[in-house]
Amino acid sequence: MTEEATRAGRVAGRVALVTGAGSIGPGWGNGKAAAALYAREGAKVLCVDRRLDAAEETRDIVAAEGGAALAWQADVTDEGEIAAMVGACIDAFGRIDILHNNVGGSGPGAALMDVALEDWNDTLARNVTGAFLAMKAAIPHMEEEGGGAIVNISSIAGLTHIGVPSTSYSAAKGALNELTKNIAIQYAAANIRANCIAPGLMKTPFILREKDGVPNHIRKGYATPEDYHATRAASVPMRRMGDAWDVARAALFLASDDAAYITGQCLVVDGGLTATSPGA
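The structure presented is a predicted model; accordingly, all values stated were derived computationally and were not measured.

All right, on to the overall build of the chain then. Along the backbone of the chain there are 8 helices and 9 strands. The globule rule puts the C-alpha radius of gyration for 280 residues at 19 Å, and the 18 Å found for the chain is close to it. Reported as C-alpha extents along the three principal axes, the dimensions of the chain are approximately 50 × 35 × 35 Å. Carbon and sulfur atoms make up 53% of the accessible area of the chain, which amounts to about 12800 Å² in all.

Counting 33 residues, the largest nonpolar core has A16, V18, Y38, V45, V151, I197 and W245 as its most contacted members. At the level of secondary structure, the elements contributing two or more residues to this core comprise strand 1 (15-19), helix 1 (30-40), strand 2 (44-49), strand 5 (148-153) and helix 8 (244-255). Tallying contributions element by element places helix 8 first for this core, with 9 residues. Ignoring anything within four residues of it in the chain, the contact list for I197 reads V151, N152, I153, S154, S155, V247, A250, A251, L254, L267 and V269.

Here the phi dihedral of N191 falls at roughly 65°; this positive angle occurs in a residue that is not glycine. Turning to its location among the elements, N191 is positioned in the loop between helix 5 (167-186) and strand 6 (192-199). Note on N191: relative accessible area 46%, which makes it partly exposed. Backbone geometry places R239, a non-glycine residue, at a positive phi of 60°. Its place among the elements puts R239 in the loop between helix 7 (225-234) and helix 8. Taking the relative accessible area as the measure of exposure, R239 reaches 56% and is therefore exposed.

We now examine the pairing of strand 3 (residues 69-73). Two strands pair when backbone bridges link them, and strand 2 and strand 3 are joined in this way by 5 bridges, in the parallel orientation. Each residue of the ladder has a partner; that of C47, found in strand 3, is A71. Taking the sense of rotation as the criterion, the β-α-β connection linking strand 2, helix 2 (residues 52-64) and strand 3 turns out right-handed.

To continue, consider helix 2. Two residues of an α-helix separated by three or four positions point the same way, owing to the 3.6 residues in each turn. Taking 1.5 Å of rise per residue, 13 residues should cover 18 Å, and helix 2 covers 18 Å from first to last C-alpha, within 8% of that figure. Among all positions of helix 2, only A54, A55, T58 and V62 are buried. Seen end-on, helix 2 carries its buried residues on one side only, within an arc spanning 100°. Every exposed residue of helix 2 that faces more than 90 degrees away from the buried side is listed here: D53 and A64. Those residues of helix 2 hidden inside the fold are in contact with helix 1, strand 2 and strand 3. One or two positions beyond helix 2, positive phi appears at G66, with a value near 90°.

Next up on the list: the confidence of the model for the chain. For the chain, per-residue confidence averages 94 on the pLDDT scale, and residues scoring 70 or more make up 96% of the total. The least confident element of the chain is strand 7 (residues 210-211), whose mean pLDDT is 74; the most confident is strand 4 (residues 98-101), at 99. Taken together, the stretch residues 1-5 has pLDDT below 50 and engages in 8 contacts with residues farther than four places along the chain or on a different chain.

With that settled, the discussion passes to the packing of aromatic side chains. All chains considered together, the criterion is met by 2 aromatic pairs. Taken together, a centroid distance of 5.3 Å and an interplanar angle of 35° make the contact between Y222 and Y228 tilted. Since its relative accessible area comes to 25%, Y222 is described here as partly exposed. Judged by relative accessible area, Y228 falls into the buried class, the value being 5%.

With that settled, the discussion passes to the packing of helix 1 against helix 2. Contact pair helix 1 / helix 2: the axes reach a minimum separation of 10 Å and the direction vectors enclose 25°. Considered as vectors, helix 1 and helix 2 are oriented roughly parallel to each other. Seen along the crossing, helix 1 lies across helix 2 with a hand that is right-handed. Here K32, A35, A36 and A39 of helix 1 lie close against helix 2, whose contacting residues are E57, T58, I61 and V62. Residue composition of the contact of helix 1 with helix 2, grouped by class: 5 nonpolar, 1 polar and 2 charged.

Remark: helix 3 (residues 79-93) packs on helix 4 (residues 117-145), axes separated minimally by 10 Å, with the N-to-C direction vectors making an angle of 35°. Here helix 3 runs over helix 4; the crossing is right-handed. Within the contact between the two elements, helix 3 uses E79, I82, M85, V86 and I90 and helix 4 uses G130, L133, A134, A137, A138 and H141. Looking at the contact of helix 3 with helix 4 residue by residue, the class counts come to 8 nonpolar, 2 polar and 1 charged.

Rules of the game
Residues numbered from 1 in each chain as written. Predicted model: local features only at pLDDT ≥ 70, side-chain atom pairs only at ≥ 80, totals over all residues. Heavy atoms only, no water. Helix = DSSP H or I, 4+ residues; strand = E, 2+ residues; numbered from the N terminus. Rg over C-alpha atoms; globule rule 2.2 N^0.38 Å. Areas by Shrake-Rupley, 256 points an atom, 1.4 Å probe, with all protein chains shown as cover. Core = buried A, V, L, I, M, F, W, Y, C linked by side-chain atoms within 4.5 Å. Buried < 20%, exposed > 50% of the residue type's maximum accessible area, 1.4 Å probe, protein only. Contact = heavy atoms within 4.5 Å. Pairing = 2+ DSSP bridges. Right-handed = clockwise from strand over helix to strand, strands pointing away. Expected span 1.5 Å × (residues − 1). Arc of directions from axis to C-beta. pLDDT = per-residue confidence, 0-100. Phe/Tyr/Trp six-rings, centres within 6.5 Å; stacked < 30°, edge-to-face > 60°. Axes fitted to C-alpha atoms, helices over the stretch in contact; angles between N-to-C directions. Parallel < 35°, antiparallel > 145°, perpendicular 65-115°, else oblique. Left-handed = near helix turned anticlockwise from the far one by under 90°. Nonpolar A, V, L, I, M, F, W, Y, C, P; charged D, E, K, R; others polar.

In structure tokens, the structure reads:
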């Protein structure tokens, strides 16, 4: 299946609030693809991003395909901005049925001794606090409507060591996994489901981002993006990286009635990577 997914209406008539709905560069990021797929399957979508132009790009894609979407700018680590974001969704669409928390990312430090306290706090705020604040703000509205679905985007780094140091990022994603399980049980009787997706090695614009003007593949020690992609793909049992649509389709499943009896779970989308062991 490609990005030209057929419309089956699996979330028709629902409202999805997607944070991190923009892409950091040209192409399809996880949140951008999820927002587009929810719309293709019948949902109205509030596309939220810290960069308004990125949210607007996703909104425009949805609109060009005949869907309904609005763009909103918010920093998910700011409680006031989260409240305004949720309020905007209610004002525009009257309800929230799906909350998709996509914002995340690692800080500059990876090995323990390289992680500054500020970096640690920023990484946890971006990956855990943002989801916590969004859930806290959205869940009362879901309760009023008799239920809802929460999809939090985690990482296999929150489940296992990924072969390189990832101190703060792994801690943050592990915390997000357990937070999601806890919320799932707290609100199960209210018909509010909460699940995680743990992507593995994904081929999205995010992995080619620049930091301090240096492209990510250079910082990782590769001469070209193609070399970096090839090495990552070779480490996956399926011999390819996943893409944003692999994550988006998993999110659609968890948000839809196809997963009506699934809550408190972490769905791994990694081409078999975490099922392997390093061997002798």
